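Read off the chains here:
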Amino acid sequence: MNRRTFIKGAIALTAATYFYPNIVFGAENFKWWQKKPVYQIYPKSFLDTTGKGTGDLRGITQKLDYIKSLGVSAIWLTPIYVSPMVDNGYDIADYTAIDPRFGTMEDFDELIAEAKARDIKIVMDLVFNHTSDKHAWFLESKSSRNNPKADWYIWRDEKTNWRGIFGGSAWQWCEERQQYYLHTFATQQPDLNWENPDVRRALYDAANFWLDKGVGGFRVDAIVYIKKPKTFVDGTPDALDGTCAVHNMIANTDGILDFLHELKREVFDGHDIFTVGEANSVKPEELKYWVGKDGVFNMLFEFSHVNVMFNNGDEVWHRSKPIKLSELKKALSDSQAATKDSWYPIYFENHDKPRSVNNFFPHGSDKILAAKALAIILFTLRGTPFIYQGEELGFTNTQFDSIDDYDDISSHGAYNLARSDGLSDKEAMRFVQKFSRDNARTPMQWNSDKNSGFTTGKAWLPVHKDFAACNVEVEEHDANSVLNFYRKLSTLRNSSDVLIGGDYAELYPKNEELYIFTRSLGGKKFMTIVNFTTHKVNLPDKIFDGAKKILGNYADEKNYLRATEAAIYEF
Ligand code: NOJ
């Protein structure tokens, strides 16, 4: 570089830093949780080391080298605390003890230490909107109207017409108190009363307990529901919107951010951790109040792209509509735009959603191509990619014939609602099969042995019928497997300043067949192109000019896109 070019470059950089203070040049300026993906584990379905049919902490410790091979910085564990397991651990009976089904506190300490030895942090799930109805706090609260914890939950003499998220009334009658209590989710998950400062203190203490143990952060469950609206506090009104959904009555209401800033001050501040809130109904334009410099969390799981098939936050499965690609792209682009000065958790799957290949690609798509196409998007959008166990192997939905075979509590609620809305058993089952959370909860597939190596006993949920072809051992030995594609993508993203921090721009947003976007930084540019159809699609003019393909789900290159083809180009 000659002197003139150097001086020009230095002036440009200084000016850019002055005018755009949020722009970060070079991956060294990013935090550890921005530079690498996060791996989500549903412990019950990961690996059973004792033959009881459910996964445990030791199973996770055993597989840390496998997880490390995906190039991740952290593992998010869904709840492992003491629980009656009505909602598989999201009904907590003791916030600071490990459920014996998962192992012991010593097993947890060992997991933290072994993960640390591999430069991986453990991230816990905080479920603070509700507890289990078997939690000591609730047992005390329900015992009378004047015990010390009498107002730790939400009690009313009369109920409203609100429908809970898992179906049925959001209110449950309690004989002892002769009152109703509110439960946004299952009957066995009573909502805590966040207006009471003692409740908040107890929750902060529980979170700090895990920080003292050295955890690397928190995913904060159902956080939009903690603040009940003022109309509720004054009068508990009936829902008038026809859906009667409790979600529409209490989600994301005024004043919630005051509680959350207190949580941040009392727990998050001063620790080298990351926090991600689960926030169904926070809109992209509101993200600035929730994440980043003036927000509360480092990232927020908002639902706009994964719920694009629903008309509102209500998520009634039998009222879903087919996905329109332009709407899916708009949801993603709006979130990218809203977090351009902060950060975004990129995800297509978790333990609550159907498998993404079934969810986002049309019937008839090649499943392996589709899994790789989604992986390309996952690793090239701006933000931290969250990989959900099995997604890296190309898992697909399972299918049970009878509602009795489904374990997921919300599947039962959705089935009953569909039947009461007049659908036949067959029609209701079609929606359960499509959206059930059990699709994501079938056991991890390790090899082609019985139960795919998940357990030597009887698996709590049947292993997917495709396990012999789709498992870790088989995919390890196949250079073209989905697993090895994930590893390549992770290596590519983790070493690229452009893919970590570059600006996002979408091209051809109205196109209903292709998703095309670029990421650019300091004169360097990547382009992602995905064909969401099962047929050949011609490309917009000259889009490849000057571009070099660096990775794709087809090895060779054409001047059009084949069915489900996806690729990353570099300029
Ligand atoms: C969201 C969790 O992801 C889900 O699994 C759970 O059922 C609800 N919150 C209630 O805690």
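The rules we used
- Residues numbered from 1 in each chain as written.
- Predicted model: local features only at pLDDT ≥ 70, side-chain atom pairs only at ≥ 80, totals over all residues.
- Heavy atoms only, no water.
- Buried < 20%, exposed > 50% of the residue type's maximum accessible area, 1.4 Å probe, protein only.
- Helix = DSSP H or I, 4+ residues; strand = E, 2+ residues; numbered from the N terminus.
- Pairing = 2+ DSSP bridges.
- Axes fitted to C-alpha atoms, helices over the stretch in contact; angles between N-to-C directions.
- Parallel < 35°, antiparallel > 145°, perpendicular 65-115°, else oblique.
- Left-handed = near helix turned anticlockwise from the far one by under 90°.
- Contact = heavy atoms within 4.5 Å.
- Nonpolar A, V, L, I, M, F, W, Y, C, P; charged D, E, K, R; others polar.
- Domains from an automatic or database assignment.
- Salt bridge = Lys/Arg side-chain N within 4 Å of Asp/Glu carboxyl O.
- pLDDT = per-residue confidence, 0-100.
- Core = buried A, V, L, I, M, F, W, Y, C linked by side-chain atoms within 4.5 Å.
- Phe/Tyr/Trp six-rings, centres within 6.5 Å; stacked < 30°, edge-to-face > 60°.
- Lys NZ or Arg CZ within 6 Å of the ring centre and 35° of its normal.

Attention now moves to the pairing of strand 16 (residues 524–531). A large share of strand 16 lies buried, amounting to six of its eight residues. What sits between the antiparallel neighbours strand 15 (residues 514–521) and strand 16 is a turn of two residues, in which glycine 522 has the positive phi angle 45 degrees. Sheet topology places strand 16 next to strand 20 (residues 566–570); five bridges connect them, and they run antiparallel. Within the sheet, the bridge partner assigned to phenylalanine 526 lies in strand 20 and is glutamate 570.

Look at helix 7 (residues 197–212) against helix 10 (residues 256–268): their axes get within 10 Å of each other, and the N-to-C directions meet at 40 degrees. Regarding the angle of helix 7 to helix 10, the classification is oblique. Considering the relative orientation of helix 7 and helix 10, their crossing is right-handed. Here helix 7 contributes Arg200, Arg201, Tyr204, Ala207, Asn208 and Leu211 to the contact with helix 10, which in turn contributes Phe259, Glu262, Leu263, Glu266 and Val267. A breakdown of the residues in the contact of helix 7 with helix 10 according to their chemical character gives six nonpolar, one polar and four charged.

The next point concerns the domain arrangement of the protein chain. Under the domain assignment, the protein chain is made up of domain 1 (3–127 + 206–217 + 255–498) and domain 2 (514–570). When each unit is reduced to the centre of its C-alpha atoms, the spacing between domain 1 and domain 2 is 26 Å. The interface is formed by 29 residues belonging to domain 1 together with 23 residues belonging to domain 2. At the surface where domain 1 touches domain 2, the tally comes to zero salt bridges. Elements with a contribution of two residues or more to the side of domain 1 that touches domain 2: helix 12 (325–338), helix 14 (367–380), helix 18 (482–494) and helix 19 (497–501).

With respect to topology, five strands assemble into an open sheet ordered 14-15-16-20-18, the strand pairing being antiparallel. Whereas interior strands pair on both sides, the edge strands pair on one side only; in this sheet they are strand 14 (503–507) and strand 18 (548–552). Direction aside, neighbouring strands of the sheet carry axes that sit 25 degrees apart on average. Running over the sheet, helix 14 touches strand 15, strand 16, strand 18 and strand 20 and is turned about 40 degrees from strand 20.

Here we come to the packing of helix 14 against helix 18. Running from N to C, helix 14 and helix 18 cross one another at 15 degrees; their axes reach a closest spacing of 10 Å. Here helix 18 runs roughly parallel to helix 14, going by the angle between their axes. Our pair here, helix 14 against helix 18, has a crossing hand that is right-handed. Here Ile368, Ala371, Lys372, Ala375, Ile376, Leu378 and Phe379 of helix 14 come into contact with helix 18, specifically with Val482, Phe485, Tyr486, Leu489, Ser490 and Arg493. Of the residues that constitute the contact of helix 14 with helix 18, the class distribution is ten nonpolar, one polar and two charged.

Turning to the pattern of salt bridges, a few remarks are in order. Tallying each qualifying case throughout the model produces 39 salt bridges. One salt bridge connects arginine 118 with aspartate 65, and the closest N-O pair in it is separated by 2.6 Å. With arginine 118 in the loop between helix 5 (105–117) and strand 5 (121–126) and aspartate 65 in helix 4 (residues 64–68), this residue pair connects regions lying 53 residues apart in the sequence. Residue classification places arginine 118 among the buried residues on the basis of a relative accessible area of 18%. What you see here is one network of salt bridges that share partners, running through Asp87, Asp352, Asp408, Arg437 and Arg441.

Attention now goes to the confidence of the model for the protein chain. On average, residues of the protein chain score 93 in pLDDT, and 94% of them are at 70 or above. Note on residues 1–25: pLDDT under 50 across the span, and eight contacts to partners over four residues away in sequence or across chains.

We now examine unusual backbone geometry. Despite not being glycine, asparagine 252 shows a phi value in the positive range, around 50 degrees. Turning to its location among the elements, asparagine 252 is positioned in the loop between helix 9 (246–250) and helix 10.

Moving on to the nonpolar core. Of all hydrophobic cores here, the largest spans 148 residues; its most connected members are Tyr39, Tyr66, Leu77, Phe108, Phe218, Phe274 and Phe297. If you count residues domain by domain, this core takes at least three from each of domain 1 (3–127 + 206–217 + 255–498) and domain 2 (514–570). Excluding residues within four positions of it along the chain, phenylalanine 274 makes contact with Trp32, Trp33, Val38, Ala74, Val123, Gly216, Gly217, Phe218, Asn298, Met299 and Phe386. Met309, Trp317, Tyr406 and Val432 belong to the second largest nonpolar core, which has 23 residues in total.

Summed over the entire model, instances satisfying the criterion amount to 38 aromatic pairs. Here the aromatic rings of phenylalanine 138 and tyrosine 181 are separated by 5.0 Å at their centres, their planes lie at 70 degrees, and the arrangement is edge-to-face. Of this pair, phenylalanine 138 sits in helix 6 (residues 136–143) while tyrosine 181 sits in strand 8 (residues 179–182); the two residues are 43 residues apart in sequence, bridging distant segments of the chain. An identical accessibility class is assigned to phenylalanine 138 and tyrosine 181; each is buried. Grouped by ring-pair contacts, the aromatic residues Trp32, Trp33, Trp76, Phe274, Phe301, Tyr347 and Phe386 constitute a single cluster. Here the guanidinium or amino end of arginine 430 rests over the ring plane of phenylalanine 431, the centre of that ring lying 4.8 Å away.

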